[in-house]
Every structure is written in structure tokens, then in C-alpha cells.
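Listed below, chain by chain, are the residues.
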Amino acid sequence: GSSCSVAKDFYMKLLRLDMPVIFDEDYHIQLTRAKNSTEEDLAIIFSYSGQSREIIDCMDILKKNTATTIALTRYTPSPVSKAADYCLYVASGEPVLKKENLASKVAMLNLVDMLYTIYIVSHYKGTFNKLLKTHLDKGDNYGII
């Protein structure tokens, strides 16, 4: 769903910090990764509704494999919030069945930006040079006019 674009945004941010992260949009690949998870893995689940069948299936497998799970979801009881080890909530004022979940997406993006910023500030020495290294200089022209 629309939470996928938020997950991809977080993935791109963590790549800049050279963190060992994986992001897959395809449900079958997510399922395979969940089946190969171990207790050493951390899975961050993005689901505003907290009711997506595919996400719940993956979470069931992650829990069986004792991987730690963090859910970014709305502040309403749901199968995802109940299954997660930890939850990070966003406001739940937007209807789940609305086609364009703009407010929920912005809220989740804001939460991702806060997590990213907190990590950078708390690991400044290790992240500063990585951020500089991956920053596009004004002189860099990567085919953009």
C-alpha cells in the first residue's frame, strides 16, 4: 500500500549511512526473507492500517523465527500492533479505506525523518563522513539538466 513508499524512503536514508538494510516491495520476496530471518534480525514493518494480510503473514513468520519487530502504524489496536515487539505510532484520524492516504503518509514520513535524525545525532562521529560521502555536490551532474 501507500506505506511502501515510506519504507522505501527510510531504506534510502539508511543506505546513505552504509547500514546493512534490505527493502523489498514484492510480497513473495518479503515472505522469503521472513522465512530466512533469525533472532539476530530486526524487521521494521510499515502498515498504517495494521490490517494488511500480507504484512500479518510475514509478521507471523518473523515471530516464529524470533526476529525482533518494530511496527510503524496508526494509534489504533490492530493485528500488526498486537504482534509487534515495539510500536511507533502515528495519529489515526484518517479513514483507513480512503484512497489517498496523504495525511497518514506525511505522518509516517515525519516519524521516519525523526528516527533518521536521532540516529545521526546519536552516532555523529560515525555518520557525518558517510553523509558527506553520499551527498551530491552542486558540481556533480548525473544526467540531470
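What counts, and where the lines are drawn
- Residues numbered from 1 in each chain as written.
- Predicted model: local features only at pLDDT ≥ 70, side-chain atom pairs only at ≥ 80, totals over all residues.
- Heavy atoms only, no water.
- Helix = DSSP H or I, 4+ residues; strand = E, 2+ residues; numbered from the N terminus.
- Buried < 20%, exposed > 50% of the residue type's maximum accessible area, 1.4 Å probe, protein only.
- Contact = heavy atoms within 4.5 Å.
- Polar contact = N/O pair within 3.5 Å; in protein donor to acceptor, adjacent residues only side chain to side chain.
- Phe/Tyr/Trp six-rings, centres within 6.5 Å; stacked < 30°, edge-to-face > 60°.
- Core = buried A, V, L, I, M, F, W, Y, C linked by side-chain atoms within 4.5 Å.
- Axes fitted to C-alpha atoms, helices over the stretch in contact; angles between N-to-C directions.
- Parallel < 35°, antiparallel > 145°, perpendicular 65-115°, else oblique.
- Nonpolar A, V, L, I, M, F, W, Y, C, P; charged D, E, K, R; others polar.

Enquirer: I keep staring at the environment of Ser37 and nothing clicks. Help me out?
Expert: Mapping Ser37 onto the fold places it in the loop between helix H2 (27-35) and strand S1 (42-46). Residue classification places Ser37 among the buried residues on the basis of a relative accessible area of 9%. C-alpha of Ser37 to C-alpha of Ala67: the two residues are 30 residues apart in sequence and 6.3 Å apart in space. Every residue in contact with Ser37, bar those within four places of it in the chain, is listed here: Leu62, Asn65 and Ala67. A distance of 2.6 Å separates a polar atom in the side chain of Ser37 from the backbone oxygen of Ala34.

Enquirer: I keep staring at the packing of aromatic side chains and nothing clicks. Help me out?
Expert: The relative placement of two aromatic rings is captured by the distance of their centres and the angle of their planes. The final tally for this structure, using the stated rule, is four aromatic pairs. Centre to centre, the rings of Phe10 and Phe46 are 6.3 Å apart; their planes meet at 65 degrees, and the pair counts as edge-to-face. Pair noted here: Phe10 is in helix H1 (residues 3-16) and Phe46 is in strand S1, with a separation of 36 residues, a long-range link. Residue classification places Phe10 among the buried positions, given a relative accessible area of 8%. For Phe46, a relative accessible area of 11% gives the class buried. Where Tyr75 meets Tyr89, the ring centres are 4.8 Å apart and the plane angle is 85 degrees; that geometry is what we call edge-to-face. Remark: Tyr89 occurs in strand S3 (residues 86-90) and Tyr75 occurs in the loop between strand S2 (68-74) and helix H4 (79-83); sequence separation between them is 14 residues.

Enquirer: What am I meant to see in the nonpolar core here?
Expert: One recurring pattern in soluble globular proteins: nonpolar side chains tend to sit buried together. Counting residues in hydrophobic clusters, the biggest one holds 14 residues, and the most contacted among them are Ala34, Ile45, Ile55, Met59, Leu62, Ala71 and Val80. Mapped by element, the contributors of at least two residues to this core are H2, S1 and helix H3 (53-64). By residue number, the principal contributor to this core is H3, which donates six residues. Val6, Phe10, Leu72 and Val112 belong to the second largest nonpolar core, which has 13 residues in total.

Enquirer: What am I meant to see in the packing of helix H5 (residues 102-122) against helix H6 (residues 124-134) here?
Expert: The description of two helices packed together rests on the angle between their axes and the distance between the axes. For the pair H5 and H6, the least separation of the axes is 6 Å and the interaxial angle reads 115 degrees. Overall, the two elements H5 and H6 adopt an arrangement that is roughly perpendicular. Taken together, the residues of H6 that come into contact with H5 (itself represented by Tyr116, Tyr119, Ile120, Val121 and Ser122) are Tyr124, Thr127 and Leu131. Split by residue class, the contact of H5 with H6 holds six nonpolar, two polar and no charged.

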